[in-house]
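Okay, here's what each chain looks like letter by letter:
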Amino acid sequence: MGTLVTLAEFLPTLLRGAWVTLQLVFFSTILAFISAFLAGGMRLSKHRSIRFASMVYVEVFRGTSLLVQLFWLYFALPMLLDIRMSAMTAAVLALGLNYGAYGSEVVRGAILSISKGQYEAAAALNMSPWLRMRRIILPQAMVLMLPSFGNLQIELLKGTSLVYLITLMDLTYQGMVLRSFDNSRTTEIFALMLLIYFIMAYSLTLGIRYLERRAVKGRV
């Protein structure tokens, strides 16, 4: 009976926070995906300046703390450059650019793993570099990218737990607020938070596995 009371008391508030978390994951994943492909493609450019710009982006975002990046975007930029943004915007930018930097190495590695014979065959068919990439290289590389992208998306979901420190009312924020009102129910609150995070993460895992099966269908 006590467990049911706890669910009735805390679950609606935690689910509101979970909805914010899911929105954050959705928009951050889109930005991370775009950033990963742009930076990964730039790392393969023939132009040294383009490769250097991509390297700077990747090393800065991989080599610094996600928490510091959140604080920089939300607290420091308004003070230094008078650039103000909402907590959601700052969180999406920090998460998307951070995990996009990691994803760029996945993109670069997957493209480089495609045999040179594929490029030579496409060139023999008089395909342009863009058509060659779109029709020949990327479809094969995507099969290799999906498992790593799935892992990064799970990491991104877990990384969202930091955004409560910039006052974004996500799942962790709501859980901490509930705990501040009733410290004696800490165990129940955190258990519910763990369960909700697990359900979201496992749902993402199932989605990625489905995409992997679709990607390899007809290629084996």
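Residues numbered from 1 in each chain as written. Predicted model: local features only at pLDDT ≥ 70, side-chain atom pairs only at ≥ 80, totals over all residues. Heavy atoms only, no water.

## Some remarks on the nonpolar core
Defined as follows: What makes a nonpolar core is a set of buried Ala, Val, Leu, Ile, Met, Phe, Trp, Tyr and Cys residues whose side-chain atoms join them at distances within 4.5 Å. Residue burial is assigned from relative accessible area. The probe radius is 1.4 Å, only protein chains are included, and a residue is buried under 20% of its type maximum, exposed over 50%, and partly exposed in between. Helix and strand assignments follow DSSP, with helices taken as H or I runs no shorter than four residues and strands as E runs no shorter than two, numbered in order from the N terminus. Two residues form a contact once any of their heavy atoms are found within 4.5 Å.
The biggest cluster of nonpolar side chains holds 45 residues, and the ones touching the most others in it are Leu14 and Met145. Put simply, the parts of the chain that give this core at least two residues each are α1 (2–43), α3 (66–81), α4 (87–112), α6 (129–159), α7 (171–181) and α8 (186–216). Take this core: its biggest share by element is eleven residues, from α4. Other than its neighbours up to four places away in sequence, leucine 14 contacts Leu171, Gln174, Gly175, Leu178, Ile189, Leu192, Met193 and Ile196. Listed in part, the five residues of the second largest apolar core include Ala39, Tyr57, Val58 and Ala101.

## Details of the pattern of salt bridges
Rule in force here: One side-chain nitrogen of Lys or Arg within 4 Å of one carboxyl oxygen of Asp or Glu is enough to make a salt bridge.
The final tally for this structure, using the stated rule, is six salt bridges. Note that glutamate 59 and arginine 62 form a salt bridge whose closest N and O atoms lie 3.2 Å from each other. Of this pair, glutamate 59 and arginine 62 both sit in helix α2 (residues 48–63), three residues apart, which is roughly one turn of the helix. The exposure class assigned to glutamate 59 is partly exposed, which follows from its relative accessible area of 40%. Across the pair glutamate 105 and arginine 108 runs a salt bridge whose closest N-O atoms are separated by 3.0 Å. In this pair, glutamate 105 and arginine 108 are both assigned in helix α4, three residues apart and thus about one turn of the helix distant. A single salt-bridge network, built from bridges that share partners, covers Arg43, Glu105 and Arg108.

## Some points on the UniProt feature "transmembrane region" (unreviewed entry) in the chain
Put simply, the rule is: UniProt positions are given in the numbering used here, feature names are shortened, and annotations may be inferred rather than shown by experiment.
The feature "transmembrane region" (unreviewed entry), as annotated in UniProt, sits at residues 20–40, 52–77, 136–154 and 189–211 in this numbering. In residues 52–77, the share of helix is 92% and the share of strand is 0%. The end C-alpha atoms are 25 Å apart.

## Observations regarding a nonpolar patch on the surface
Under the convention used in this document: Only residues whose relative accessible area exceeds 30% and that form no salt bridge enter a patch; like-charged residues are grouped when within 9 Å of one another, and nonpolar side chains (Val, Leu, Ile, Met, Phe, Trp, Tyr) when within 5 Å. Method for areas: the Shrake-Rupley scheme with a 1.4 Å probe, in which residue coverage is limited to the protein chains shown.
A surface patch of nonpolar side chains, about 620 Å² in accessible area, is lined by Phe26, Phe27, Ile30, Ile34, Leu38, Met42 and Ile50. Element by element, the count of residues in the nonpolar patch is highest for α1, at six residues. By secondary structure assignment, the location of isoleucine 34 is in helix α1. For isoleucine 34, a relative accessible area of 44% translates into the label partly exposed.

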